[in-house]
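# Structural overview for review
The chain contents come next:
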Amino acid sequence: MSTEERILKVLEGINEKILTYSGENMMEDGTLDSFELIEIVSQLEEEFDIEIDAEYAVIENFANKETIISLMKKLLKE
């Protein structure tokens with residue numbers, strides 16, 4: 001399973017709407033709430049055995065699935 005597939009699986013397990021969201025900011029649009037954001041960070045840390053520093057846990061990095069994938073690839077140095 002690719003990195004992107006693993007990320008999408010985590011996101012789907014938290015909120016399926018994330019996968020079909022096509023806007024610019026899931027939190028502003030009500031697709032994602034702050035509890036789910038915390039859950040995403042926690043699940044991604046567990047899935048990839050990394051720690052996501054607080055400086056990266058900002059809405060700009062979790063605005064949609066593309067920004068999440070981009071962040072994770074950056075953190076994983078892919």
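Residues numbered from 1 in each chain as written. Predicted model: local features only at pLDDT ≥ 70, side-chain atom pairs only at ≥ 80, totals over all residues. Heavy atoms only, no water.

In terms of nonpolar packing, the biggest core is built from 19 residues, with Ile7, Ile40, Leu44, Phe62, Ile68 and Met72 touching the most fellow members. Elements that contribute at least two residues to this core include exactly α1 (3-14), α3 (34-48) and α4 (65-75). If one sorts the elements of this core by residue count, α3 sits on top with five residues. The residues contacting Leu44, other than those within four sequence positions of it, are Ile7, Val10, Asp49, Ile50, Ile52, Phe62, Ile68 and Met72. (Core = buried A, V, L, I, M, F, W, Y, C linked by side-chain atoms within 4.5 Å. Buried < 20%, exposed > 50% of the residue type's maximum accessible area, 1.4 Å probe, protein only. Helix = DSSP H or I, 4+ residues; strand = E, 2+ residues; numbered from the N terminus. Contact = heavy atoms within 4.5 Å.)

Remark: α1 packs on α4, axes separated minimally by 10 Å, with the N-to-C direction vectors making an angle of 130 degrees. Viewed along their axes, α1 and α4 adopt a mutual orientation that is oblique. Along this stretch, α1 crosses α4, giving a crossing that reads as right-handed. For the pair α1 and α4, the contacting residues are Glu4, Ile7, Leu8 and Leu11 in the first and Lys65, Ile68, Ile69, Met72 and Lys73 in the second. Grouping the amino acids of the contact of α1 with α4 by side-chain chemistry returns six nonpolar, no polar and three charged. (Axes fitted to C-alpha atoms, helices over the stretch in contact; angles between N-to-C directions. Parallel < 35°, antiparallel > 145°, perpendicular 65-115°, else oblique. Left-handed = near helix turned anticlockwise from the far one by under 90°. Nonpolar A, V, L, I, M, F, W, Y, C, P; charged D, E, K, R; others polar.)

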